2 protein chains.
Amino acid sequence: MSKAERTREKILDAALELFREHGYEATTMRMVAEQAGVSTGNAYYYFASKDMLLQAFYREVHDAHVAASAPVLRDAKVFRDRLLGVMLKKLEVIEPYHRFSALMFRSAADPRSPLNPFHPAGDDIRHEGEALFAAVVDGARPRPPKDLAADLPALLWTYSMGMVLYWIHDHSESRQQTRAFIERTVDLVATSVRLAGNPLLRPLRRKALALFRDLAPQR
Amino acid sequence: MSKAERTREKILDAALELFREHGYEATTMRMVAEQAGVSTGNAYYYFASKDMLLQAFYREVHDAHVAASAPVLRDAKVFRDRLLGVMLKKLEVIEPYHRFSALMFRSAADPRSPLNPFHPAGDDIRHEGEALFAAVVDGARPRPPKDLAADLPALLWTYSMGMVLYWIHDHSESRQQTRAFIERTVDLVATSVRLAGNPLLRPLRRKALALFRDLAPQR
DNA sequence: CCGCTTGTTTGAACACGTTCAAAACACGCC
DNA sequence: GGCGTGTTTTGAACGTGTTCAAACAAGCGG
């Protein structure tokens, strides 16, 4: 591990600790630098901006989520159970960061943020997210309709972002509201996926899917 | 018109002009003050923050949209046509501000922003938006199912926010993409509303509506 | 050991949004 | 006109994220 890598690590660790303790806004770059035993300029040598520190955090959370989801994806067979399990794991993983994750999601709506679902530069982060939901879909028995299955990962990822948005504003005791949100919306999603196979709904489903494909910007 | 009101106006005008010309970020409070022929501190006497100037702008845009929608709501009868007309008017009204509206929407996802749909303090702005869509629904013949009609305004307002989000990232020639987005999603929405009356879909519809009501934070 | 290049690190400086004590003003009242 | 009180207005000052020229360190070929 080179000196540079160690310095980078020191800065990131300091930042995450301070974020957890004081929240994102209240943590200044000078604080981060001091905690890491480094100059402010040096922090900028490794992270182009304060937001980049946030992104590094996002990566860590995602990895933790993937790891936590592994058992669910191994054991659960039915689509609904797989989705429910993965969503609840996400909730678990992000819970410790409730205080400051708000800011992370704020940036997700910013056109210039790579976290933004519409942003071309944020491909890796989004793709990794979609990959997880692809695993949810792929392992599900019975299989959802094929055309739907193709777009389902992207749709589910968007859905999970919606869950996070809800969670951010949830100040209920031990986040019951979000738990309820997940349980009920997962059922709704699962029902929709099941119903989407119905012939009566074929035109609507095809319209919706075509729309999603045609209009999705840069993919 | 008192002196204070004139000063306030001067500052707001200066801000909107500079926003249009240079965008939101590039416009500094010092520039606004100078353009208005006033001190920086004075700008803060009338507007608590730079964001508040943005909100004032938002109000102006909304008023313009309501005015532009009036003929549509007078003439069109079918739900689909009313919705389509109002959405296209919105597109027209916001078009001149494409360069800097991105920032406005970014703040809409910020939990602390009153523009945020989940935020309790942003009630007036949201309610005014919903009121417009209530007019879209109320005047429609044939009428949509009653229980759906109750929640439609809120749903449609959320939908229109989605359109704006899409528009922000649309850099196509004369915003064709967003135009296509509107035309196709309006059809999709109209179809969904029509289908929602079908008995087969009643359980799903009731589930979805109950969810929307139960989980909508602070309303 | 010396120069050279390349990769790190520093800390002062910049422009920004925002605050605040104090100054300037407006206006009713004696 | 002068006083007093509340409203406007000022501009210096604060702390922020960020930049940058310059200093330093680390390897490397001679």
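Throughout what follows, the structure given in this document is the object of discussion. (Residues numbered from 1 in each chain as written. Chains lettered and ligands numbered in written order. Predicted model: local features only at pLDDT ≥ 70, side-chain atom pairs only at ≥ 80, totals over all residues. Heavy atoms only, no water.)

1. Regarding the overall build of chain A
(1) Moving on: The secondary structure content of chain A amounts to 10 helices and zero strands.
(2) Moving on: Going residue by residue from the N terminus, the α and β elements of chain A occur as α-α-α-α-α-α-α-α-α-α.
(3) Moving on: For chain A, with 219 residues in total, the buried portion stands at 51%.
(4) Moving on: A total of about 10,600 Å² of accessible surface is found on chain A, and carbon and sulfur atoms cover 55% of it. (Helix = DSSP H or I, 4+ residues; strand = E, 2+ residues; numbered from the N terminus. Buried < 20%, exposed > 50% of the residue type's maximum accessible area, 1.4 Å probe, protein only. Areas by Shrake-Rupley, 256 points an atom, 1.4 Å probe, with all protein chains shown as cover.)

2. Some points on the protein's contact with DNA strand D
(1) Moving on: Near DNA strand D there are 18 residues, and of these Arg30, Tyr44 and Lys50 of chain A together with Ser39 and Tyr46 of chain B occur at the shortest range.
(2) Moving on: Each atom of DNA strand D within 4 Å of the protein belongs either to a base or to sugar and phosphate, the latter forming 58%.
(3) Moving on: Note that a base oxygen of DNA strand D is positioned 2.8 Å from one of the side-chain N or O atoms of arginine 30 of chain A.
(4) Moving on: In the model, a phosphate oxygen of DNA strand D is placed 2.8 Å from a nitrogen or oxygen of the serine 39 of chain B main chain.
(5) Moving on: Mapped by element, the contributors of at least two residues to the surface near DNA strand D are α2 (29-36) of chain A together with α1 (3-22) and α3 (40-46) of chain B.
(6) Moving on: Here the element with the most residues in the surface near DNA strand D is α3 of chain B; it accounts for five residues. (Near = heavy atom within 4 Å. Polar contact = N/O pair within 3.5 Å; in protein donor to acceptor, adjacent residues only side chain to side chain.)

3. Thoughts on unusual backbone geometry
All names here are of chain A.
(1) Moving on: In the segment running from arginine 141 into proline 142, the intervening peptide bond is cis, with an omega of 0°.
(2) Moving on: Tracing the chain through its elements places proline 142 in the loop between α7 (123-138) and α8 (146-168).
(3) Moving on: Positive phi, close to 60°, is recorded for arginine 175, a residue that is not glycine.
(4) Moving on: What makes arginine 175 buried here is its relative accessible area of 12%.

4. Concerning the packing of helix α5 (residues 79-94) of chain A against helix α9 (residues 176-195) of chain A
For any two helices packed against each other, the geometry comes down to the angle between their axes and how far apart the axes lie.
Residue and element names in this part refer to chain A.
(1) Moving on: The contact between α5 and α9 brings their axes to 10 Å, and the two run at 150°. Between α5 and α9, the angle falls in the class roughly antiparallel. The chirality of how α5 crosses α9 is right-handed. Facing Phe79, Arg80, Leu83, Leu84, Met87, Leu88 and Leu91 of α5, the residues of α9 in contact are Thr178, Arg179, Ile182, Glu183, Val186, Asp187, Val189, Ala190 and Val193.
(2) Moving on: Residues belonging to the contact of α5 with α9 are distributed by class as follows: 11 nonpolar, one polar and four charged. (Axes fitted to C-alpha atoms, helices over the stretch in contact; angles between N-to-C directions. Parallel < 35°, antiparallel > 145°, perpendicular 65-115°, else oblique. Left-handed = near helix turned anticlockwise from the far one by under 90°. Contact = heavy atoms within 4.5 Å. Nonpolar A, V, L, I, M, F, W, Y, C, P; charged D, E, K, R; others polar.)

5. Section: the protein's contact with DNA strand C
(1) Moving on: In the vicinity of DNA strand C lie 19 residues, with Ser39 and Tyr46 of chain A together with Arg30, Tyr44 and Lys50 of chain B positioned nearest.
(2) Moving on: Considering the 4 Å shell around the protein, atoms of DNA strand C inside it are sugar or phosphate in 52% of instances.
(3) Moving on: Interatomic distance of 3.2 Å between a side-chain N/O atom of threonine 7 of chain A and a phosphate oxygen of DNA strand C.
(4) Moving on: Side-chain polar atom of tyrosine 45 of chain A to a phosphate oxygen of DNA strand C: 2.9 Å apart, as the coordinates give it.
(5) Moving on: Going through the elements one at a time, α1 (3-22) and α3 (40-46) of chain A together with α2 (29-36) and α3 of chain B are the ones with two or more residues in the surface near DNA strand C.
(6) Moving on: Tallying contributions element by element places α3 of chain A first for the surface near DNA strand C, with five residues.
(7) Moving on: Classifying every residue of the surface near DNA strand C gives six nonpolar, nine polar and four charged.

6. Description of a negative patch on the surface
Residue and element names in this part refer to chain A.
(1) Moving on: A surface patch of negative charge is lined by Glu5, Glu9, Asp13, Glu17, Glu21, Glu60 and Asp63.
(2) Moving on: Listed by contribution, the elements that provide at least two residues to the negative patch are α1 and α4 (50-75).
(3) Moving on: Among the elements that take part in the negative patch, α1 stands out by supplying five residues, more than any other.
(4) Moving on: Relative to the elements of secondary structure, glutamate 17 occurs in helix α1. (Patch = residues over 30% accessible without salt bridge, like charges linked within 9 Å, V, L, I, M, F, W, Y side chains within 5 Å. Salt bridge = Lys/Arg side-chain N within 4 Å of Asp/Glu carboxyl O. Lys, Arg positive; Asp, Glu negative; His and termini not counted. Charge placed at Lys NZ, Arg CZ, Asp CG, Glu CD.)

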